[in-house]
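# Structural overview
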Amino acid sequence: MSAFAQPAEPSNGGNCKAQEAALERDMALARSRGQMLRRRELAETLNALQMRCKTPAAAQSREVRIEKLEQEIRTLRSELSHAEEQLRGLKSESP
């Protein structure tokens, strides 16, 4: 279970936003440290939090969902590129 597990029913929208911001900061920190598994775990926790906090009346528009997925793809591609670069560096060090 993640260290950032959230209560089943956040108390209000402000609490959701605060928890979301904290998770996003932790994701950025994990990404900067090359902790891709940790970043992915935090992203999953963030997604679960967003699903719990979302009300039916506040359903995202199609365009917003598309933009969010495109941003996630850009992030994952960047992380993949970074990991590939690290792998090339390790391979070039091998005898």
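Conventions we followed
Residues numbered from 1 in each chain as written. Predicted model: local features only at pLDDT ≥ 70, side-chain atom pairs only at ≥ 80, totals over all residues. Heavy atoms only, no water. pLDDT = per-residue confidence, 0-100. Helix = DSSP H or I, 4+ residues; strand = E, 2+ residues; numbered from the N terminus. Contact = heavy atoms within 4.5 Å. Expected span 1.5 Å × (residues − 1). Buried < 20%, exposed > 50% of the residue type's maximum accessible area, 1.4 Å probe, protein only. Arc of directions from axis to C-beta. Disulfide = S-S within 2.5 Å. Salt bridge = Lys/Arg side-chain N within 4 Å of Asp/Glu carboxyl O.

## Some points on the confidence of the model for the protein
Confidence along the protein averages 80 in pLDDT terms, with 78% of residues attaining 70 or more. Per-element confidence in the protein is highest for helix H3 (residues 62-93), whose mean pLDDT is 90, and lowest for helix H1 (residues 13-32), whose mean pLDDT is 86. For the stretch residues 1-11, pLDDT sits under 50, and the model shows 19 contacts to residues farther than four places along the chain or on other chains.

## Considering helix H2 (residues 36-53)
Residue pairs spaced three or four apart in an α-helix point in one direction, given the helix's 3.6 residues per turn. Helix length check: H2, at 18 residues, gives a terminal C-alpha distance of 25 Å against a target of 26 Å (1.5 Å per residue), a fit within 8%. Buried within H2 we find Arg39, Leu42, Ala43, Thr45, Leu46, Leu49 and Gln50. Looking straight down H2, one finds that the buried residues subtend no more than 165° of arc, so they occupy a single side. H2 presents Leu37, Glu44 and Met51 as exposed residues on the side facing more than 90 degrees away from its buried surface.

## Quick notes on the state of the cysteines
Evaluated as defined, the whole model comprises one disulfide. In this model, cysteine 16 is linked to cysteine 53 through a disulfide, with the two sulfur atoms separated by 1.9 Å. Between cysteine 16 and cysteine 53, the S-S torsion sits near -90°, and that sign places the bridge as left-handed. Of this pair, cysteine 16 sits in helix H1 while cysteine 53 sits in helix H2, and the two are 37 residues apart along the sequence. For cysteine 53, a relative accessible area of 25% puts it in the partly exposed group.

## Details of the pattern of salt bridges
The final tally for this structure, using the stated rule, is five salt bridges. The residue arginine 31 makes a salt bridge to glutamate 79 at a minimum N-O spacing of 3.2 Å. Here arginine 31, found in helix H1, pairs with glutamate 79, found in helix H3; they are 48 residues apart in sequence, far enough to count as distant. For arginine 31, a relative accessible area of 31% puts it in the partly exposed group.

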